[in-house]
Amino acid sequence: MIADTTGRPIQTLPELTPEILQRFDVAGPRYTSYPTADRFVEAFGENEFMQALEQRCMGGLAFPLSLYVHIPFCDSLCFYCACNKIVTKHHERAAEYLRYLSREVDLYVSKLGKGQTITQLHLGGGTPTFFSDDELAELMAMLGRNFVIAPTGEHSIEVDPRTVDEERLKRLAELGFNRLSFGVQDFDHEVQKAVHRIQPAEQVFDLVAIARSLGFESINVDLIYGLPKQTPESFQRTLAQVAKLRPDRIALYAYAHLPERFKPQRRIKAEDLPPPAGKLQMLSDAIAAFHADGYVYVGMDHFALPDDALAVAKRQGRLHRNFQGYSTQPDCDQISLGVSAIGRVGATYSQNTKSLEDYYDHLEQGRFPIVRGLALSRDDLVRRAVIMALMCQGRIQYESINLAYLIDFRRYFEPELIKLQEMVKDGLVEVDMHGIQVTSSGWFFVRGIAMVFDRYLQADRNRARFSKII
Ligand code: SF4
């Protein structure tokens, strides 16, 4: 039996009745930040951001630094896509983008000084492997000239299997990447055709085998349920192939069909989508399959083999959450480069412009391309601590929040504790004089439990912009 730090089992598969699953089939944030990005305001701009950077420099006890680089380009359009990307065949656009990334780094160096240590590096997109090997090497060299990339850190990159081969994976390993995340979504050919993303299963199997032989420490596979043409039967076949592939980590996302918000999704026919009952069946089958295959449920939509660093961190109560999802790294400030990238410095969040032209314009003028953000209030900070503790450790000890934020938890959160009572009845949380504990069933709905403490959400009934919580 695998247990968390309190000795409670975290491998128990709860009874996920259709009633419970349906009750939680509502939209909700993923809490990669709190407050969530839709609360950022334009009143927070470059000046406020520079103040936060200056404060980081003044404080002797600054958080470690994590670095995210957003590469927005993709070769072709996946119809389910809800990301900020630019679909183009013009690969020469990468070289231009790289030049501007370098200008953005120069701005950071002018404020923070050269040689800041980076403990976590992540390349995401879009498709980071849209960059050629030489461009990726140039990017890493440019980052290496300006920062100290800690060799023991997590260096991860999102990989579209259609864009890499053995040679490319070798180059990624040589460049220092030690974690790969493959976008698989579904192995079924009909589903792949319906979402315009054809990638034969053999290709993914070959790449994962090569990645293993090259010594990548952790290999993640992304899956999506609820896609067009998917059925519980077809998804069972995909799950059987995933079991054979045995990635170290699996991220299982629900497809949210919001064609009015995401233009590419208008190419998906609503009649091809599985009905809600089919979707719930796929979710329930996937959880049962991963459990049977020995995966630990990390939280939200993440599963990991018991010896993977994420599963170990969860057992030891060291799990954290940042814009890339769950992480083994302690709380970090995050510098985020590239169009639309979101960062965190001190008690602030900030986001770069989503328009490529605007991004280039800002940098031409020697200005940070920050267009919105937020300076967290004291209440935001308290609630962030509570939400992150729930999402990562699955428990709150009132005393530690009281001491850190000088509040009386039970008085401060009286309405929230009353709201939690329904979940207590459902066996999802336990509440006593000392704290709140998420149960093994509750872990599957930890986002819904965290939502109780989200002040903005409780005051806002319009949650349609978020994906479903399961
Ligand atoms: S899903 Fe990924 S690869 Fe596909 S279009 Fe969106 S960002 Fe590009």
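Thresholds, definitions, all that
- Residues numbered from 1 in each chain as written.
- Predicted model: local features only at pLDDT ≥ 70, side-chain atom pairs only at ≥ 80, totals over all residues.
- Heavy atoms only, no water.
- Pairing = 2+ DSSP bridges.
- Helix = DSSP H or I, 4+ residues; strand = E, 2+ residues; numbered from the N terminus.
- Axes fitted to C-alpha atoms, helices over the stretch in contact; angles between N-to-C directions.
- Contact = heavy atoms within 4.5 Å.
- Phe/Tyr/Trp six-rings, centres within 6.5 Å; stacked < 30°, edge-to-face > 60°.
- Buried < 20%, exposed > 50% of the residue type's maximum accessible area, 1.4 Å probe, protein only.
- Domains from an automatic or database assignment.
- Buried area = accessible area lost by both parts, 1.4 Å probe.
- Polar contact = N/O pair within 3.5 Å; in protein donor to acceptor, adjacent residues only side chain to side chain.
- Parallel < 35°, antiparallel > 145°, perpendicular 65-115°, else oblique.
- Nonpolar A, V, L, I, M, F, W, Y, C, P; charged D, E, K, R; others polar.
- Arc of directions from axis to C-beta.
- Salt bridge = Lys/Arg side-chain N within 4 Å of Asp/Glu carboxyl O.
- 1 Å grid on protein atoms, 1.4 Å probe; cavity = no way out; pocket = protein on both sides within 12 Å on 5 of 7 lines; lining within 4 Å.
- Points joined across faces, edges and corners; volume = space filled by probe spheres on them.

Provide a residue-level description of the sheet that holds strand 17 (residues 395-397), including the pertinent values.
Taken in spatial order, the three strands line up as 17-19-18 in an open sheet, and their pairing is antiparallel. Of all the strands in the sheet, just strand 17 and strand 18 (429-431) have a single pairing partner and so form its edges. Along the sheet, successive strands turn relative to each other by an average axial angle of 15 degrees, direction set aside. Pairing between strand 17 and strand 19 (residues 435-438): three bridges, direction antiparallel. Residue pairing across strands places Gln-397 opposite Gly-435, the latter belonging to strand 19. The strands that helix 12 (residues 378-392) touches are strand 17 and strand 19; relative to strand 17, the one it contacts most, it runs at about 135 degrees. Sheet contacts for helix 13 (residues 398-405): strand 17, strand 18 and strand 19; angle to strand 17, the most-contacted strand, approximately 60 degrees.

Pulling in residues and values, what's your account of the packing of aromatic side chains?
Scanning all chains against the criterion turns up 21 aromatic pairs. For the pair Phe-49 and Phe-368, a centre-to-centre distance of 5.2 Å together with 80 degrees between the ring planes defines the contact as edge-to-face. In this pair, Phe-49 is assigned in helix 2 (residues 46-58) and Phe-368 in the loop between helix 11 (356-364) and strand 16 (370-375), connecting sequence segments 319 residues apart. Under the relative-accessibility criterion, Phe-49 is labelled buried at 2%. Taking relative accessible area as the criterion, Phe-368 reaches 2% and is therefore assigned buried. Here Phe-409 and Phe-413 contribute two aromatic rings whose centre-to-centre distance is 4.6 Å and whose plane-to-plane angle is 45 degrees, an arrangement assigned as tilted. The exposure class assigned to Phe-413 is buried, which follows from its relative accessible area of 0%.

Explain the environment of Leu-172 to me, using residue names and the numbers behind them.
Considering the arrangement of structural elements, one finds Leu-172 in helix 5 (residues 166-174). What makes Leu-172 buried here is its relative accessible area of 1%. Each C-alpha atom of the pair Leu-172 and Asp-133 lies 8.0 Å from the other, and the pair is 39 residues apart in sequence.

Any details on the domain arrangement of the protein chain? Residues and values, ideally.
The domains assigned to the protein chain are domain 1 (31-334) and domain 2 (378-459). In this structure, domain 1 and domain 2 have C-alpha centres spaced 28 Å apart. Taken over both partners, the interface formed by domain 1 and domain 2 buries close to 1,600 Å², and the fraction arising from carbon and sulfur atoms is 68%. When residues of domain 1 are sorted by the area they lose upon contact with domain 2, Tyr-31, Tyr-34 and Tyr-297 head the list and together hold 47% of the total. The tally of links from domain 1 across to domain 2 stands at six residue pairs in polar contact (both at pLDDT 80 or more). Elements with a minimum of two residues in the side of domain 1 that touches domain 2: strand 9 (296-299) and strand 11 (320-322). When residues in the side of domain 1 that touches domain 2 are grouped by element, the largest group, three residues, is from strand 9.

So, the packing of helix 3 (residues 92-112) against helix 4 (residues 133-146): which residues are in play, and what are the values?
Two elements in contact, helix 3 and helix 4, have axes separated by 11 Å at closest approach and are oriented at 10 degrees. Considered as vectors, helix 3 and helix 4 are oriented roughly parallel to each other. Together, Ala-94, Ala-95, Leu-98, Leu-101, Ser-102, Val-105 and Val-109 of helix 3 and Glu-135, Glu-138, Leu-139, Met-142, Leu-143 and Asn-146 of helix 4 make up the contact between the two elements. Here the residues of the contact of helix 3 with helix 4 are counted per class, giving nine nonpolar, two polar and two charged.

Provide a residue-level description of helix 5, including the pertinent values.
Listed in full, the buried residues belonging to helix 5 are Arg-168, Leu-169 and Leu-172. Angularly, the buried residues of helix 5 cover 100 degrees about the axis, an arc narrow enough to put them on a single face. The inward-facing, buried residues of helix 5 contact helix 4, strand 5 (147-159), strand 6 (179-185) and helix 7 (201-213). Of the residues flanking the start of helix 5, the one acting as N-cap is Asp-165, its side-chain oxygen 3.2 Å from the backbone nitrogen of Glu-167.

So what's going on with the pattern of salt bridges? Residues and values would help.
If you walk through the whole model with that rule in mind, you get 21 salt bridges. Between Asp-379 and Arg-383 there is a salt bridge, with the nearest N and O atoms lying 3.0 Å from each other. Note that Asp-379 and Arg-383 are positioned in helix 12 at a spacing of four residues, about one turn of the helix. Judged by its relative accessible area of 15%, Asp-379 is buried. Through salt bridges with shared partners, a single ionic network connects Asp-379, Arg-383, Glu-416 and Arg-455.

Please give an account of empty space enclosed by the protein that cites residues and values.
In this structure the tally under the stated criterion is four cavities of 30 Å³ or more. Here the second largest cavity is characterised by a volume of approximately 50 Å³. Secondary-structure elements contributing two or more residues to the lining of the second largest cavity are strand 6 and helix 6 (189-194). For the lining of the second largest cavity, the class distribution of residues is four nonpolar, two polar and two charged.

Could you give an account of the side chain of Arg-168, naming the residues involved and the relevant values?
Summarising the element assignment, Arg-168 is placed in helix 5. Relative accessible area serves as the criterion here: at 13%, Arg-168 is assigned to the buried category. Within the structure, the side chain of Arg-168 is placed 2.7 Å from the side chain of Asp-133, a separation counted as a polar contact. Within the structure, the side chain of Arg-168 is placed 3.0 Å from the backbone oxygen of Thr-163, a separation counted as a polar contact. Discounting residues that sit within four places of it in the chain, Arg-168 has contacts with Thr-129, Phe-131, Ser-132, Asp-133, Leu-136 and Thr-163.

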